[in-house]
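Per-entry structural report
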Amino acid sequence: MLTSLHVEGQSLLHRIPVKPKLLGLMVFGLALYLIAQPLVLTAALVLTGVLYLSTGVGLWEGLRRLKPVLFTIAFLAAVNLILLSPEETLVTTLRLVAILFLAAAVTASTTIADFMAAVTELAWPLERLGLMKAADLGLALGLVLRFVPEIAQRYEALKEAHEARGIPVKLSRMLGPLIISTLKDADRIAEAIDARGIRGQ
């Protein structure tokens, strides 16, 4: 059962501090949008895929984690084939998958606590300007990362329940219960956070 996106390990990515990883992800993403050669983008995709697997996630588990996003990218590629040329569609798809693999590698090699600490520190200038509470932003990111595997587990449980009852598995049927159960948990967590005074005042 998936309880966290983090994968324990001692890979190169695990040993790199979180802020350089986030900076690298940002620079890599920007650089990809300056490149339009399919061969170069394919090489970038292979490199990020290898980095993702180097975290120890495993091929099938790694693909299973990314399945919803990969399906979304595939859908966008199908739409782009109607609106754009095949080469433009290929370039766009390669960029998205390469960025996805690198983002997944960063997430798999970084604990939620490290993410929260880094984002809180990076957001301090915004707090000094009176725009937001840095600790609240870090907490929000931590909760999002924690909820991702929870939502995936709920989806799989609903899917298995539909299959066991012989009901066709359709997202439209499962979306309502999935959203309601997630919002209920979100309310409970928000109440617990407020009761303990965790959020910045």
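Calculation rules
Every residue gets a number counted from 1 within its own chain, in the order that chain's sequence is written. Given that the model is predicted, a residue must reach a pLDDT of at least 70 before its local features are reported, and side-chain atom pairs must reach 80 or more before they are shown or counted; all residues, however, enter totals for whole chains, interfaces and linings. Only heavy atoms go into the side-chain values, all of them from the structure, while hydrogens and water stay out. A pair of Phe, Tyr and Trp rings is counted when the ring centres sit within 6.5 Å of each other, with Trp represented by its six-membered ring. The angle between the planes then sorts it: under 30 degrees is stacked, over 60 is edge-to-face, the rest tilted. Helix and strand definitions here come from DSSP, where helices need a minimum of 4 consecutive H or I residues and strands a minimum of 2 consecutive E residues; each element is numbered from the N-terminal end. Burial classes: relative accessible area under 20% of the type maximum marks a residue as buried, over 50% as exposed, and values in between as partly exposed (1.4 Å probe, protein chains only). Note on bend: the value at a residue is the angle between axes fitted to the seven residues ending there and to the seven starting there. Two residues qualify as a contact provided that any one of their heavy atoms is within 4.5 Å of a heavy atom in the partner residue. What makes a nonpolar core is a set of buried Ala, Val, Leu, Ile, Met, Phe, Trp, Tyr and Cys residues whose side-chain atoms join them at distances within 4.5 Å. Here a polar contact is recorded for every N or O atom pair within 3.5 Å, except that within protein the pair must consist of a potential hydrogen donor and a potential acceptor, and residues adjacent in sequence are included only if both atoms are side-chain atoms.

What to know about the packing of aromatic side chains
According to the stated counting rule, one finds one aromatic pair in the structure shown. With a centroid separation of 6.3 Å and 20° between ring planes, the pair formed by Tyr52 and Phe101 is classed as stacked. Of the two residues, Tyr52 sits in helix H3 (residues 38-54) while Phe101 sits in helix H5 (residues 86-108), which places them 49 residues apart along the sequence. The class of Tyr52 is buried, set by a relative accessible area of 4%.

Remarks on helix H4 (residues 59-83)
Along H4, the sharpest change in direction is near 60° and occurs at Lys67; proline Pro68 comes one to four residues later. Taken together, the buried positions of H4 are occupied by Gly62, Arg65, Leu66, Ile73, Ala77 and Asn80. On the buried face of H4, the contacting elements are H3 and H5.

So, the nonpolar core
Core analysis: the biggest nonpolar cluster contains 12 residues, these being Val7, Leu13, Tyr52, Val57, Leu66, Ile73, Val97, Leu100, Phe101, Ala104, Ala105 and Ala108. Those elements that provide at least two residues to this core are H4 and H5. With six residues, the single largest contributor to this core is H5. Those residues in contact with Ile73, other than ones at most four positions away along the chain, are Thr93, Leu96, Val97 and Leu100.

Some remarks on the side chain of Thr48
In this structure, Thr48 sits in helix H3. Classification of Thr48 by relative accessible area gives buried; the value is 1%. A distance of 3.3 Å separates a polar atom in the side chain of Thr48 from the backbone oxygen of Ala98. Non-local contacts of Thr48, meaning those with residues more than four positions away in its chain, are made with Phe28, Ala98, Phe101 and Leu102.

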